[in-house]
Protein chains: 2
Amino acid sequence: MRDTLNRERVVRAAMDLADERGIESLTMRELGRRLGVEAASLYNHVAGKDDLLDGMADLVVAEIDLPSYGVDWKEAMRRRAVSAREVFSRHPWAAGLIDSRGPSGPCSLSYVDRVLGTLLQAGFSPGIAANAFLALDSYIYGFERQWSSLSLGAAVDTTEAAEEVLAAIPQGAYPSLACVATDYAAKPYGDAAAFDFGLGLILASLERLLE
Amino acid sequence: MRDTLNRERVVRAAMDLADERGIESLTMRELGRRLGVEAASLYNHVAGKDDLLDGMADLVVAEIDLPSYGVDWKEAMRRRAVSAREVFSRHPWAAGLIDSRGPSGPCSLSYVDRVLGTLLQAGFSPGIAANAFLALDSYIYGFERQWSSLSLGAAVDTTEAAEEVLAAIPQGAYPSLACVATDYAAKPYGDAAAFDFGLGLILASLERLLE
DNA sequence: ACCTGAACACCGTTCAAGT
DNA sequence: ACCTGAACACCGTTCAAGT
């Protein structure tokens, strides 16, 4: 259909398919169907499914805002963390895909270099910079998957989700969980706010390390 | 073979298979082969592959040491975090499996309840306890996958890994990455030490929140 | 140069038939 | 009660054949 197929269009279509129907629905055959072509034709533009997944991972990393060298290190780390979380929220399959494949693509490498560069420039030693990077990315990559695994399935708003939890709990069992869920139902918050809380904890401690 | 098959044995064998050959090698047919039985026979003990994966997730959570109520909250959080990381290191497929399925099993629920209970008892408000829990678990669940995605593939010791990185980098590109890798090659550290660093950052900030 | 059709080895799952 | 054999609808991938 419309113009001829190429690698870029194939990878983009794969990302859309994964976004809409989940990564487990991403199938060479289904992707071909969506592009109006047989599955076998995709092999003219992509070496195989592995290559397709590599392409998706690299395009996702490219969506994350890189820290610009000018700004304060803490603000730079905050911005790129927030940007990464938004990307992982748009593409729930992305975090798992990236860290099952390692930072191989050129986008990933310059991402790593920029983050480490910002930390070194701020005055962290190479060893601490590496550790700080790992701590931040562990949190960043872990957060969205943790968040979405907690908010159970189909609940429309977050208060409803908390009430679902409460309803599913046997009376009296899990009192602390019930207490927290009740509190949450009264004043719910979103994933952006929750993410900021944990991010602030890590950044505050890093700042103290610098003094 | 040896005795008759049952759900427990099937789930354990699935975990062993996933540990040894990767979660993507876990196949009903391969699992049957390993148990000396046709794939179809497994359906006598397990409702399907989804049920099998649920069983694996629950057994993994059961391997994590629960905090005992007696000890100081910070020490309790540290212990359960270290225990969880060890479990995820033994079972690299576990973190992804658990947070793609949500905390449904009874083991997961008492795990959540105990952690929240410890935080509430320490004096955190329900809202802060929930946020602290989420921050800690995002880090814990994210760490091992991040770590193993960084240490590229086949390097025997960690120094060798760093040298591999350096060799793969085009001369002069990625200077900060090269700097950190060189430093790491001189004095490498293990995953346990790296995990402790980030964990300490989060716990220290939480402690300050309590004052 | 790109696409199709058919094939191959592999999945998860069901079900009648055996013991 | 548990297992087998065969079948079904689905995978990823290859390759000769078409245009």
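Residues numbered from 1 in each chain as written. Chains lettered and ligands numbered in written order. Predicted model: local features only at pLDDT ≥ 70, side-chain atom pairs only at ≥ 80, totals over all residues. Heavy atoms only, no water.

Caption draft 1: Structural view of the overall build of chain A. What chain A contains, in helices and strands, is ten helices and zero strands. When the helices and strands of chain A are placed in sequence order, the string is α-α-α-α-α-α-α-α-α-α. With the C-alpha coordinates aligned to their principal axes, the bounding extent of chain A is approximately 55 × 50 × 25 Å. Counting the 211 residues in chain A, one finds 48% classified as buried. Taking the intrachain contacts of chain A between residues at least 6 apart in sequence as the baseline, contacts between residues at least 24 apart amount to 70%. Accessible surface for chain A amounts to roughly 9,600 Å². Of this, 52% is attributable to carbon and sulfur atoms. Across chain A, the centroid of the 20 positively charged side chains sits 3 Å from that of the 30 negatively charged ones. (Helix = DSSP H or I, 4+ residues; strand = E, 2+ residues; numbered from the N terminus. Buried < 20%, exposed > 50% of the residue type's maximum accessible area, 1.4 Å probe, protein only. Contact = heavy atoms within 4.5 Å. Areas by Shrake-Rupley, 256 points an atom, 1.4 Å probe, with all protein chains shown as cover. Lys, Arg positive; Asp, Glu negative; His and termini not counted. Charge placed at Lys NZ, Arg CZ, Asp CG, Glu CD.)

Caption draft 2: How the structure looks around the domain arrangement of chain A. Splitting chain A by domain gives domain 1 (7-46) and domain 2 (64-153 + 190-210). Taking only C-alpha atoms, the centre of domain 1 of chain A and the centre of domain 2 of chain A are 29 Å apart. (Domains from an automatic or database assignment.)

Caption draft 3: Layout of the pattern of salt bridges. Residues and elements named next belong to chain B. As enumerated under the stated definition, the model contains 32 salt bridges over all chains in all. Here Lys-74 ties to Glu-207 by a salt bridge, and the two come within 2.7 Å at their closest N and O atoms. With Lys-74 in helix H4 (residues 73-90) and Glu-207 in helix H10 (residues 191-209), this residue pair connects regions lying 133 residues apart in the sequence. Close ionic contact of Asp-196 with Arg-78 constitutes a salt bridge, the shortest N to O distance being 3.7 Å. Of the two residues, Asp-196 is situated in helix H10 and Arg-78 in helix H4; the sequence distance between them amounts to 118 residues. (Salt bridge = Lys/Arg side-chain N within 4 Å of Asp/Glu carboxyl O.)

Caption draft 4: Region of the structure containing the protein's contact with DNA strand C. By nearness alone, 16 residues border DNA strand C, and A:Glu38, A:Ser41, B:Arg29, B:Tyr43 and B:Lys49 come closest of all. When the atoms of DNA strand C within 4 Å of the protein are sorted by group, sugar and phosphate make up 56%. B:Tyr43 has a polar side-chain atom sitting 2.7 Å from a phosphate oxygen of DNA strand C. Split into classes, the residues belonging to the surface near DNA strand C amount to seven nonpolar, five polar and four charged. (Near = heavy atom within 4 Å. Polar contact = N/O pair within 3.5 Å; in protein donor to acceptor, adjacent residues only side chain to side chain. Nonpolar A, V, L, I, M, F, W, Y, C, P; charged D, E, K, R; others polar.)

Caption draft 5: Molecular detail of the nonpolar core. Membership of the largest hydrophobic core comes to 128 residues, with the highest contact counts inside it found for A:Met56 and B:Met56. A:Met56 has contacts with A:Val11, A:Ala14, A:Met15, A:Ala18, A:Ile23, A:Leu26, A:Trp93 and A:Leu97, leaving out every residue within four places of it along the chain. (Core = buried A, V, L, I, M, F, W, Y, C linked by side-chain atoms within 4.5 Å.)

Caption draft 6: Local environment of the environment of A:Arg34. All names here are of chain A. Mapped onto the fold, Arg-34 is located in helix H2 (residues 28-34). Arg-34 gets classed as partly exposed once you look at its relative accessible area, which sits at 33%. Placed 171 residues apart in sequence, Arg-34 and Ser-205 show a C-alpha to C-alpha distance of 48 Å.

Caption draft 7: Looking closely at the environment of A:Phe197. Mapped onto the elements, A:Phe197 comes out in helix H10 (residues 191-209). For A:Phe197, a relative accessible area of 18% puts it in the buried group. Along the primary structure A:Phe197 and A:Phe143 are separated by 54 residues, whereas in three dimensions their C-alpha atoms are 11 Å apart. In contact with A:Phe197, other than residues within four places in its own chain, are B:Ile128, B:Asn131, B:Ala132, B:Leu206 and B:Leu209.

Caption draft 8: View of the relation of the copies chain A and chain B. The two copies are related by a screw motion: chain A maps onto chain B through a turn of 180° and a shift of 0.0 Å along the axis, at an RMSD of 0.0 Å. The superposition operator between the copies reduces to a two-fold rotation axis. Both copies contact each other with a shared surface, as 100% of the interface residues of chain A are interface residues in chain B too. (Least-squares fit on C-alpha atoms with pLDDT ≥ 70 in both.)

Caption draft 9: Just the protein's contact with DNA strand D, in detail. In the vicinity of DNA strand D, 16 residues are found, and the nearest of them are A:Arg29, A:Tyr43, A:Lys49, B:Glu38 and B:Ser41. Between a phosphate oxygen of DNA strand D and a main-chain N or O atom of B:Glu38, the distance comes to 2.8 Å. Here the residues of the surface near DNA strand D are counted per class, giving seven nonpolar, five polar and four charged.

Caption draft 10: Region of interest: the packing of helix H6 (residues 106-121) of chain B against helix H7 (residues 126-150) of chain B. All names here are of chain B. At a minimum axis distance of 9 Å, the contact between H6 and H7 shows a crossing angle of 125°. One element, H6, and the other, H7, form an angle in the oblique class. Here H6 and H7 pass one another in a crossing that is right-handed. Where H6 abuts H7, its residues Tyr-111, Val-112, Val-115, Leu-116, Leu-119 and Leu-120 lie against Pro-126, Ala-129, Ala-130, Ala-132, Phe-133 and Asp-137. (Axes fitted to C-alpha atoms, helices over the stretch in contact; angles between N-to-C directions. Parallel < 35°, antiparallel > 145°, perpendicular 65-115°, else oblique. Left-handed = near helix turned anticlockwise from the far one by under 90°.)

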